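Residue-level listing of the chains:
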Amino acid sequence: MERHRSIQDTGTWAGLYEIGCREIVKKGKCMPTDTIQDRIRKKQKEIEDKRGSYFKAKEGLNRGRVGPSWKGPDGDWWFETIRHQNVGPKNGFAFCLEMFDSGVKCPICEKVEELKDSTKGSEQTLASKMEGQSKYLINWAPNEPDGIFKPWELSEKMFYELMTFYSDADYGDFSHPKRGYDFSFTRTGSGMATRYSPFKAAGKRPSPIVVEDWKKKLVRLDRFPKAYSRSDLRKMLRGEDIE
């Protein structure tokens, strides 16, 4: 099938379709067509790969590597955050404002304290759901040449599991680019019923990182969490949209 022929070769627009060229003509040349949805999806993927969207474990067996520190050999490979959940009528979530600036009061923390002082059991329950919880961001990627490191937010329990491997002399520093090793785990369920099996050291030990240009792909985890202003957090508490 002929492709990439000019309109002069066919004489008409219909001629292009007659030779099976599902393309448009621009300045006398056939140009590949795509929809705006195609271009948006492509751009989204480019941005996600560049910025590092959150890693989402697939259902079933997962295997990957905890990345080294983006700060260098002596830096932490994790970043601790404080996250509020079940915020406002829309059950939103946000990182605690005091995590970014200890001198600024977080409106969500203030609301939690207000609810704790309530005599209503339902409001006290809501306070416990909204209270800031420690979460831990790590760089995680399939240890493959085309792997991409993405931030993965771990619960305190999962993070502690990793630390036990790190502090065990028989296992040691799993994040080391040459002397480290991979992990595997299994995810079951979805939503609030999501469950993760304990981490297991996977494959050979040691096992070097094989992700191409892995240093360039590490996400600066300390810059990844989004900080909302006090006014935006108040809007979230009221159930209003944040621009």
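Here is what the cut-offs are and how they apply
Residues numbered from 1 in each chain as written. Predicted model: local features only at pLDDT ≥ 70, side-chain atom pairs only at ≥ 80, totals over all residues. Heavy atoms only, no water. Phe/Tyr/Trp six-rings, centres within 6.5 Å; stacked < 30°, edge-to-face > 60°. Helix = DSSP H or I, 4+ residues; strand = E, 2+ residues; numbered from the N terminus. Buried < 20%, exposed > 50% of the residue type's maximum accessible area, 1.4 Å probe, protein only. Salt bridge = Lys/Arg side-chain N within 4 Å of Asp/Glu carboxyl O. Contact = heavy atoms within 4.5 Å. Core = buried A, V, L, I, M, F, W, Y, C linked by side-chain atoms within 4.5 Å. pLDDT = per-residue confidence, 0-100. Expected span 1.5 Å × (residues − 1). Arc of directions from axis to C-beta.

Describing the packing of aromatic side chains
Applying the stated rule across the entire model yields 25 aromatic pairs. Plain terms: the ring middles of Trp-140 and Phe-185 are 5.8 Å apart, the flat faces sit at 65° to each other, and that makes the pair edge-to-face. Linking Trp-140 in strand β6 (residues 133–141) with Phe-185 in strand β8 (residues 182–188), this pair joins segments that are 45 residues apart in sequence. We note that Trp-140, like Phe-185, is buried.

Section: the pattern of salt bridges
In the structure shown here, the tally under the stated rule is ten salt bridges. Two residues, Arg-187 and Glu-59, come together in a salt bridge whose shortest N-O distance is 3.8 Å. With a gap of 128 residues between them, Arg-187 in strand β8 and Glu-59 in the loop between α3 (36–51) and β3 (60–66) connect regions that are remote in the sequence. Between Arg-63 and Asp-182 there is a salt bridge, and its shortest N-O distance comes to 3.7 Å.

Considerations on the environment of Gly-88
Turning to its location among the elements, Gly-88 is positioned in the loop between β4 (78–87) and β5 (92–95). It is 9.0 Å that separates the C-alpha atoms of Gly-88 and Arg-234, two residues lying 146 residues apart in sequence. Once residues within four sequence positions are removed from consideration, Gly-88 is found in contact with Met-236 and Leu-237.

Structural notes on the nonpolar core
Core analysis: the biggest nonpolar cluster contains 18 residues, and Trp-140, Trp-152, Leu-162, Phe-183 and Phe-199 have the highest contact counts within it. Contributing elements (two or more residues each) for this core: β6, β7 (150–154), α6 (156–167) and β8. If you tally residues by element for this core, the top one is α6, at four residues. Once you skip the residues sitting within four places of it in the chain, Phe-183 turns out to touch Asn-62, Arg-63, Gly-64, Val-66, Trp-140, Leu-162, Phe-165, Phe-174, Phe-199, Lys-200, Ala-201 and Ala-202.

Some thoughts on the confidence of the model for the protein chain
Chain-level statistics for the protein chain give a pLDDT mean of 86 and a share of 82% at 70 or above. Least confident of the elements in the protein chain is helix α2 (residues 13–18), whose mean pLDDT is 43; most confident is β8, at 98. Predicted confidence for residues 1–27 stays below pLDDT 50, and this span has 38 contacts to residues more than four positions away or in other chains.

Some points on α6
Along an α-helix, residues three or four positions apart point the same way, because every turn accommodates 3.6 residues. Over its twelve residues, α6 extends 16 Å from the first C-alpha to the last, a length consistent with the 16 Å expected when each residue adds 1.5 Å. Taken residue by residue, α6 has Met-158, Phe-159, Glu-161, Leu-162 and Phe-165 as its buried positions. Down the axis, α6 shows its buried residues gathered within 155° of arc, on one side only. Looking at α6, the residues exposed on the side facing more than 90 degrees away from the buried face are Lys-157, Tyr-160 and Ser-167.

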